[in-house]
Amino acid sequence: MRLFRLEVKRIMKSRRTLILFTVALLMSIVMAYLPISFESINQPGENGEVIELDGIPAIQFKKDYYEKTAGEITPQKLAEALRTYQSYVKEYGTLDDVPLDIYIENIMAIRPMLKGLTEAFADSKTGMAADLMDINPDEVEQSFYEKCASHLNDIMNLEQKGHSAAARFSATKYSNVNKPFLLYSGMSRDAFDYITLYIFILSILCIAIAAPIFANEYQTGSDSILRCTKYGRMKLAITRILTACCIFIVIFVLGMVIHLSIINLAFGTECLKTSFQMLFSIINLPNITLGQLQIILVLAGLLSVLASVSCTLFLSAKCKDSLTVLLISIVVLFLPMFTYSAFGGATWLSTILPSSGIGMQNNFLYQLYNFNFLHIGEMSFWTPHVILITAAIEMPVFLLLTVRSYCKHQTA
Amino acid sequence: MELKMEHISKKFKDKTAVDDISLTLTTGVWGLLGANGAGKTTLMRMIADIMTPSSGNIYFDGTDIHKMGKDYRSLFGFLPQDFGYSRDFTVKDYLEYIAALKDVPARETTKKIDYLLNILTLSDVKRKKISKLSGGMKRRVGIAQAMLNDPKILVMDEPTAGLDPGERVRFRNFISEFSHDRIVLISTHIVSDIEYIATRNAIMKDGKIIDVGTTDELVKQIEGKVWTCTIPDRDLGQYEMRLRIINQRGEDNNQVSVRYLSDKSEIEGSTTISPRLEDLYLWLFPQADYEKEGN
């Protein structure tokens, strides 16, 4: 415990750590502010002019405005909304021709609900979204959720042709999703994108803190003294790893708490009850609300960050200078992103690396709402599961290798 | 108490740094002398168990030091040639950290640190960052860390490098007192630092121990080979060309007093004088040798 305390003191007294720690906290505020600032809405003014609301006023307006349509998305409610929409569009010709005041008063409030309909009634052969005007409200009333399951089946046939295990998995998982879906106004997809982006930034900062932990000692030659002491080998290596992981967990949790507190304060907490399917795709598999999604993103992000940092610690115990460690770690961090883009989708390489859950298109959130499966023979694996399992395996493996490498290191 | 090296060698890709050394260190101060590249640092690293010998073993009281692991390290203190430290450490923080690694009880740590800082005249800079200290001060911090656990075996590679004459005298006295019932091995280029305190010396050349003995025993081999005389200073250049002049001092009347090494008198009027360890060092390692790059 004494060594642990002194190690924490050593790391936290480092100017580099303090700067990176401050940057992490500042970025949590900046990254929370950005999606709030992106919120915008137009409303008609008293003299017919259009008033644009941005940021918090826009969010507040939307919350009040959408309150009447919030709640369970029952087929009846959907059918009624569709009838309203179709009647106005029929009256004015196209949606663009509907006057702004009429649009805001009668249509805008029901648009988020209708978004799922175009998906559910998409063409079964091509997967192309349906036009709202072509959908029969009676059919919606009778079989909206059955249509959703059927559309999922169509998508699986289109995207996972020949992989019946993937289709079976999806069908089972989707049957467990709570219905009817819930919809409450507030949080945008941008807010979730910025959570994942912030996790990406945190991982870069944590890697920058972790890179010199062992390598710097080799570089300065101070390990010659440390490894001659009674506890200078395995105990020191384990203590350093524990200290580093504790510091990363604190930075991560603190950063995320600040980030999510700002977001939830701005968007309100009621929207966290919204079903995952209502913000992303109605055929998504996770049976979670947006509040649960926040928690899952934080936990999965933490796991990926710790796995990435473990890899960096291993490199730090193996390489002789911290710059090399930093460069290799950054390459490992970016590799899933590059391979995902290069191969146009999920591959084993983009999914099994420690940082696979972090990044842009490859990140854990995208994997939750995309239908990416990896296959071995007849078996199919959903990419979010692969990301979590491999990160959970890699973390202890890299940490054990770190201890081994440090203990076996020979002074040059 | 003894530290026994049995046929230890260390081979690197293209060089044998330590070549089949067998040596038994007993209690007292041991001086390890040798030119750059002789293999002193490599030997010390193997004694510190931070470098594995290519062959051979080192035993402490009959037990292989590598197998002793932390039991050996708890008896051990080491100051490497290049004293490395984390840039953000203050002297106090660094010594507290090392004390914890050496398992010095927490209640004794402050007392021990204060004692060593006082002895090594570092008390005033206790709260300063090590990176801000002068070279000599850094070296003394290195010495302090090596002694924190009252080691039974203390190995110091060039401990006096960067110390001023006064600090070197204090260091010598401190080590003399400290070395009772302990094995202290010191490598240095400054022969005078160990000449009067070393119980025994080991001389290394090209990876081998070429001689071991007390200072008196060792210098005997060059008895009658150290000469002194006075010459006109205009002749100095000419003598420097053909003699191994190891010291020269200007005298009155354009004369120079020279001290040189030779099997026989080379200058008329030369008289032999008592050899010192430094004379032996220079006899064994002429300039060409100690200009080689380090190991």
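Bear in mind the structure is a predicted one, so any value in this text is a computation, not a measurement.

1. Comments concerning the overall build of chain B
Turning to step 1, where the next piece is worked out: Looking only at helices and strands, chain B has 12 helices and 14 strands in total.
Turning to step 2, where the next piece is worked out: The C-alpha radius of gyration of chain B comes to 21 Å, within 12% of the 19 Å expected for a compact globule of 295 residues.
Turning to step 3, where the next piece is worked out: If one aligns the C-alpha atoms of chain B with their principal axes, the spans along those axes are about 65 × 45 × 35 Å.
Turning to step 4, where the next piece is worked out: Relative to its 295 residues, chain B shows a buried fraction of 53%.
Turning to step 5, where the next piece is worked out: With an accessible surface of roughly 13,400 Å², chain B has 44% of that area assigned to carbon and sulfur atoms.
Turning to step 6, where the next piece is worked out: Where the 42 positive side-chain charges of chain B centre and where its 44 negative ones centre are 5 Å apart.

2. Examining the interface of chain B and chain A
Turning to step 1, where the next piece is worked out: Taken together, the 35 residues of chain B in the interface contact 28 residues of chain A.
Turning to step 2, where the next piece is worked out: Taken together, both faces of the contact between chain B and chain A bury some 2,800 Å²; the carbon and sulfur share is 56%.
Turning to step 3, where the next piece is worked out: By the criterion of area lost to chain A, the three top residues of chain B are Arg73(B), Tyr97(B) and Leu101(B), representing 26% of everything that side buries.
Turning to step 4, where the next piece is worked out: Note that Glu96(B) is salt-bridged to Lys9(A), the shortest N-O span being 3.8 Å.
Turning to step 5, where the next piece is worked out: Seen at the junction of chain B and chain A, the total is 15 residue pairs in polar contact (both at pLDDT 80 or more).
Turning to step 6, where the next piece is worked out: The set of elements that each furnish at least two residues to the side of chain B that touches chain A consists of helix H3 (70-73), strand S6 (76-79), helix H4 (91-101) and helix H5 (106-119) of chain B.

3. So, the sheet that holds strand S5 (residues 63-64) of chain B
Residues and elements named next belong to chain B.
Turning to step 1, where the next piece is worked out: Spatially, four strands are ordered S2-S1-S4-S5 in an open sheet, and the strand pairing comes out antiparallel. Looking at the sheet topology across the chains shown, the edges are occupied by strand S2 (16-26) and S5.
Turning to step 2, where the next piece is worked out: Bridge analysis of strand S4 (residues 55-60) against S5 gives two bridges, and the strand direction is antiparallel. In the strand pairing of S5, Phe60 is matched with Thr63.

4. Overview of helix H2 (residues 15-38) of chain A
Residues and elements named next belong to chain A.
Turning to step 1, where the next piece is worked out: The end-to-end C-alpha distance of H2 is 35 Å, a good match for the 34 Å that 24 residues give at a rise of 1.5 Å each.
Turning to step 2, where the next piece is worked out: Residues Thr17, Leu20, Phe21, Ala24, Ser28, Met31, Ala32, Pro35 and Ile36 constitute the buried set of H2.
Turning to step 3, where the next piece is worked out: Here the buried face of H2 lies against helix H1 (2-13), helix H3 (55-65), helix H9 (189-210) and helix H12 (234-267).

5. Focus on the pairing of strand S6 (residues 379-382) of chain A
Residue and element names in this part refer to chain A.
Turning to step 1, where the next piece is worked out: Burial of the side chains of S6 is restricted to one face: Ser380 and Trp382 are buried, whereas none of Met379 and Phe381 on the reverse face is.
Turning to step 2, where the next piece is worked out: Looking at chain direction, strand S5 (residues 373-376) and S6 are connected through four bridges and run antiparallel. Note on S6: the bridge partner recorded for Ile376 is Met379.
Turning to step 3, where the next piece is worked out: The turn joining S5 and S6, which pair antiparallel and follow one another in sequence, is formed by two residues; a positive phi near 60 degrees is taken by Gly377.

6. Points about the packing of aromatic side chains
All names here are of chain A.
Turning to step 1, where the next piece is worked out: All chains considered together, the criterion is met by 26 aromatic pairs over all chains.
Turning to step 2, where the next piece is worked out: Between Phe314 and Phe398 the ring centres are 5.9 Å apart and the planes differ by 35 degrees, which places this aromatic pair in the tilted class. Here Phe398 lies in helix H18 (residues 383-408) and Phe314 lies in helix H14 (residues 290-318), a separation of 84 residues in the sequence.
Turning to step 3, where the next piece is worked out: Residue classification places Phe314 among the buried positions, given a relative accessible area of 17%.
Turning to step 4, where the next piece is worked out: Members of the aromatic cluster, joined through ring pairs, are Phe192, Phe276, Phe280, Tyr366 and Tyr369.
Turning to step 5, where the next piece is worked out: When the ring centre of Tyr174 is taken as origin, the NZ or CZ atom of Lys179, which lies over that ring, is 4.5 Å away.
Turning to step 6, where the next piece is worked out: Sitting over the face of the ring of Tyr369, Arg189 holds its NZ or CZ atom 4.9 Å from the ring centroid.

7. Regarding unusual backbone geometry
Turning to step 1, where the next piece is worked out: Cis geometry is adopted by the peptide bond preceding Pro180(A), which originates at Lys179(A) and carries an omega value of 0 degrees.
Turning to step 2, where the next piece is worked out: Assignment of secondary structure puts Pro180(A) in the loop between helix H8 (164-175) and strand S4 (181-183).
Turning to step 3, where the next piece is worked out: With a phi angle near 45 degrees, Asp61(B) is a residue other than glycine that sits in the positive phi range.
Turning to step 4, where the next piece is worked out: Structurally, Asp61(B) can be placed in the loop between S4 and S5.

8. A few points about the nonpolar core
Turning to step 1, where the next piece is worked out: Of all hydrophobic cores here, the largest spans 178 residues; its most connected members are Leu117(A), Phe192(A), Leu293(A), Tyr94(B) and Ile175(B).
Turning to step 2, where the next piece is worked out: For this core, the element with the highest residue contribution is H9(A), accounting for 15 residues.
Turning to step 3, where the next piece is worked out: Sequence-distant contacts of Ile175(B), that is, excluding residues within four places in its chain, are made with Val29(B), Met147(B), Leu154(B), Met156(B), Val184(B), Ile186(B) and Ile197(B).
Turning to step 4, where the next piece is worked out: Judged by nonpolar contacts, the second largest core, of 31 residues, contains Ile8(B), Trp30(B), Leu32(B) and Met46(B).

9. Description of the confidence of the model for chain B
Low-pLDDT portions of the prediction should not be read for the details of their coordinates.
Residue and element names in this part refer to chain B.
Turning to step 1, where the next piece is worked out: Summary statistics for chain B give a mean pLDDT of 90 and a share of 97% for residues scoring 70 or more.
Turning to step 2, where the next piece is worked out: Scored below 50 in pLDDT, residues 288-295 makes 21 contacts in the model with residues more than four places away or belonging to other chains.
Turning to step 3, where the next piece is worked out: Interface confidence for the predicted complex, given as ipTM, is 0.85, next to a pTM of 0.88.

10. Examining the pattern of salt bridges
Turning to step 1, where the next piece is worked out: Throughout the structure, instances matching the rule amount to 31 salt bridges over all chains.
Turning to step 2, where the next piece is worked out: Glu217(A) is paired through a salt bridge with Arg10(A); the nearest N and O atoms lie 3.4 Å apart. Within this pair, whereas Glu217(A) is found in helix H10 (residues 212-220), its partner Arg10(A) is found in helix H1, the two being separated by 207 residues in sequence.
Turning to step 3, where the next piece is worked out: Taking the relative accessible area as the measure of exposure, Glu217(A) reaches 4% and is therefore buried.
Turning to step 4, where the next piece is worked out: By relative accessible area, Arg10(A) is classed as buried at 13%.
Turning to step 5, where the next piece is worked out: As a salt-bridge pair, Glu80(A) and Arg83(A) come within 3.6 Å of each other at their nearest N and O atoms. Note that Glu80(A) and Arg83(A) are positioned in helix H4 (residues 75-92) at a spacing of three residues, about one turn of the helix.
Turning to step 6, where the next piece is worked out: Shared partners join several salt bridges into a network, and the residues in it are Lys9(A), Lys13(A), Lys92(B), Asp93(B) and Glu96(B).

11. Examining the environment of Gln277(A)
Residues and elements named next belong to chain A.
Turning to step 1, where the next piece is worked out: Within the element layout of this structure, Gln277 appears in helix H13 (residues 276-279).
Turning to step 2, where the next piece is worked out: Not counting residues up to four positions away in its chain, the partners in contact with Gln277 are Val177, Phe181, Ile282, Asn284, Leu285, Pro286 and Ile288.
Turning to step 3, where the next piece is worked out: A polar contact is formed between the side chain of Gln277 and the backbone oxygen of Asn284, at a distance of 2.8 Å.

12. With respect to the side chain of Ser170(A)
Turning to step 1, where the next piece is worked out: Relative to the helices and strands, Ser170(A) resides in helix H8.
Turning to step 2, where the next piece is worked out: With residues near it in sequence (within four places) discarded, Ser170(A) still touches Leu152(A), Met156(A), Leu285(A) and Phe373(A).

13. Some points on the environment of Gln248(B)
Residues and elements named next belong to chain B.
Turning to step 1, where the next piece is worked out: Topologically, Gln248 is positioned in strand S12 (residues 244-250).
Turning to step 2, where the next piece is worked out: As for Gln248 and Asp82, which are separated by 166 residues in sequence, their C-alpha atoms are 33 Å apart.
Turning to step 3, where the next piece is worked out: Among residues more than four places away in sequence, those in contact with Gln248 are Leu236, Glu240, Val256, Ser257 and Val258.
Turning to step 4, where the next piece is worked out: Of note is the side chain of Gln248, whose polar atom sits 3.0 Å from the side chain of Glu240.

14. Things to note about the state of the cysteines
All names here are of chain A.
Turning to step 1, where the next piece is worked out: Counted according to the given criterion, the structure contains zero disulfides over all chains.
Turning to step 2, where the next piece is worked out: As a non-bridged cysteine, Cys246 has Cys245 as the owner of its nearest cysteine sulfur, 7.1 Å distant.
Turning to step 3, where the next piece is worked out: Given a relative accessible area of 36%, Cys246 falls into the partly exposed group.

Thresholds applied
Residues numbered from 1 in each chain as written. Chains lettered and ligands numbered in written order. Predicted model: local features only at pLDDT ≥ 70, side-chain atom pairs only at ≥ 80, totals over all residues. Heavy atoms only, no water. Helix = DSSP H or I, 4+ residues; strand = E, 2+ residues; numbered from the N terminus. Rg over C-alpha atoms; globule rule 2.2 N^0.38 Å. Buried < 20%, exposed > 50% of the residue type's maximum accessible area, 1.4 Å probe, protein only. Areas by Shrake-Rupley, 256 points an atom, 1.4 Å probe, with all protein chains shown as cover. Lys, Arg positive; Asp, Glu negative; His and termini not counted. Charge placed at Lys NZ, Arg CZ, Asp CG, Glu CD. Contact = heavy atoms within 4.5 Å. Buried area = accessible area lost by both parts, 1.4 Å probe. Salt bridge = Lys/Arg side-chain N within 4 Å of Asp/Glu carboxyl O. Polar contact = N/O pair within 3.5 Å; in protein donor to acceptor, adjacent residues only side chain to side chain. Pairing = 2+ DSSP bridges. Expected span 1.5 Å × (residues − 1). Phe/Tyr/Trp six-rings, centres within 6.5 Å; stacked < 30°, edge-to-face > 60°. Lys NZ or Arg CZ within 6 Å of the ring centre and 35° of its normal. Core = buried A, V, L, I, M, F, W, Y, C linked by side-chain atoms within 4.5 Å. pLDDT = per-residue confidence, 0-100. Disulfide = S-S within 2.5 Å.

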